[in-house]
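# Secondary and tertiary structure notes
In case you want the letters, here they are:
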Amino acid sequence: MKNVALVLASGGPRGFAYIGAIEELQARGYNITSVAGASAGSLVGGIYAAGGIKAFKEWISALDPMKIMSLMDVSVSKTYLVKGEKVIKAIEARVPEVNIEDLEIPFTAVATDLYTGEEVVFRKGPLFQAIRASISIPSMFKPVKWKGRTLVDGGMVNTLPIDRVQRTPGDILVAFNVNQIDAAEIQGFLDSRAAIEEKSWSEYEILSRIRAGIHRHQLDASASNSWIPVGAGGNFHSILQRSFGIMNCSLARMALEKTPPDILVSLPYDSYHGVYGYTHAKEIIELGRKLMADALDQYEKKNA
């Protein structure tokens, strides 16, 4: 049995792909001996380390738009939209709280100090306190107060925390990055200026068509290059979201260049977003399984 040190990137609903990836690793006889994650990666990785991945999978697979909205404890604060307490309590109802140091699998979560910009690394203490800090997207979730610090999303400083995972002699370093931006494919679309000018598409519509096209490409290699029409209207949120995506892509790229993993699994940033992503958990899980299976096939063939 081959031991694996698993690293999971930040990535919102795309992080559901990690569930399928973990299941594929286990099915192929790999033994996950440690996990490190940021944001969505810390959520799935921490729940796996706590032995609750099955219950979590069943729960998210049943989510629909109404259930998701019921988990949004909207705040009147001027600095954040959602408190984030309902989501954590819903998860705790299925995966009981535990201290990180008591987990059978060594686990590491990363968060960001909002004011100093420092990375904060969790290797002990309450699991869900660490997860709650790591997933606190700025302006979306209420920051977490911890030991005099104000903590937000770990993806802000270490999107793919390869340098934080615990290693053991002879293990295989496996990283799953869901923040890849395929510049060539996007540029190929943007080069079709005639179509863009003719339809007078907004920046939001252009990005939406890019996302739709890459999403179809991931699910079906035979899909055409046509773009799925979406509603009109750009907004501040779409530009802010894109900005965070570019930042995450760049940070992940630097981490991979600094410490190349033995196995790298990638999913485009432009795949799943917002409520749409959270209501397609089953689809994303299966995609994660397929991507991990393909990556393992290549690794095993190379090392046969």
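Below is a short write-up of the structure. (Residues numbered from 1 in each chain as written. Predicted model: local features only at pLDDT ≥ 70, side-chain atom pairs only at ≥ 80, totals over all residues. Heavy atoms only, no water.)

In this section: the pairing of strand β4 (residues 119-122). What you see with β4 is a clean split: V120 and F122 sit on the buried side and E119 and V121 on the side with no burial. In this sheet, β4 lies alongside strand β3 (residues 107-113) in antiparallel orientation, the contact comprising four bridges. Counterpart to A109 in the pairing with β4 is F122. Here β3 folds back onto β4 in antiparallel fashion, the turn holding five residues, of which G117 has a positive phi close to 80°. (Buried < 20%, exposed > 50% of the residue type's maximum accessible area, 1.4 Å probe, protein only. Helix = DSSP H or I, 4+ residues; strand = E, 2+ residues; numbered from the N terminus. Pairing = 2+ DSSP bridges.)

So, about the packing of aromatic side chains. This structure, assessed with the given rule, holds four aromatic pairs. Where F56 meets W59, the ring centres are 6.0 Å apart and the plane angle is 50°; that geometry is what we call tilted. Highlighted residues: F56 and W59, both in helix α3 (residues 53-61), separated by three residues, approximately one helical turn. The class for F56 is buried, based on a relative accessible area of 2%. (Phe/Tyr/Trp six-rings, centres within 6.5 Å; stacked < 30°, edge-to-face > 60°.)

This part takes up the packing of α3 against helix α12 (residues 281-302). Two elements in contact, α3 and α12, have axes separated by 8 Å at closest approach and are oriented at 130°. The angle between the axes of α3 and α12 places the two elements in the oblique class. Contacts between α3 and α12 involve K57, I60 and S61 from the former and A281, K282, I285 and R289 from the latter. Looking at side-chain class alone, the contact of α3 with α12 contains three nonpolar, one polar and three charged residues. (Axes fitted to C-alpha atoms, helices over the stretch in contact; angles between N-to-C directions. Parallel < 35°, antiparallel > 145°, perpendicular 65-115°, else oblique. Contact = heavy atoms within 4.5 Å. Nonpolar A, V, L, I, M, F, W, Y, C, P; charged D, E, K, R; others polar.)

The buried fraction of helix α2 (residues 40-49) is high, at ten of ten residues. Taken together, the buried positions of α2 are occupied by A40, G41, S42, L43, V44, G45, G46, I47, Y48 and A49. Positive phi appears at G51, one or two residues downstream of α2, with a value of about 80°.

A full pass over the atoms with the stated rule returns eleven salt bridges. The partner of R149 in a salt bridge is E118, and the shortest N-O contact between them spans 3.2 Å. In this pair, R149 is assigned in strand β6 (residues 149-153) and E118 in the loop between β3 and β4, connecting sequence segments 31 residues apart. Among the salt bridges present, the one from R289 reaches E286, with a minimum N-O distance of 2.9 Å. With R289 and E286 both in helix α12 and three residues apart, the pair spans about one turn of that helix. (Salt bridge = Lys/Arg side-chain N within 4 Å of Asp/Glu carboxyl O.)

Right, let's talk about the environment of N31 for a bit. Within the secondary structure, N31 sits in strand β2 (residues 30-38). Exposure remark for N31: the relative accessible area of 31% places this residue in the partly exposed category.

Where α2 meets helix α6 (residues 127-134), the closest approach of the two axes is 8 Å, and the angle between their N-to-C directions is 160°. Considered as vectors, α2 and α6 are oriented roughly antiparallel to each other. Where α2 crosses over α6, the two elements pack in a sense that is left-handed. The residues of α6 that touch α2, namely those facing S42, L43 and G46, are L127, I131 and S134. (Left-handed = near helix turned anticlockwise from the far one by under 90°.)

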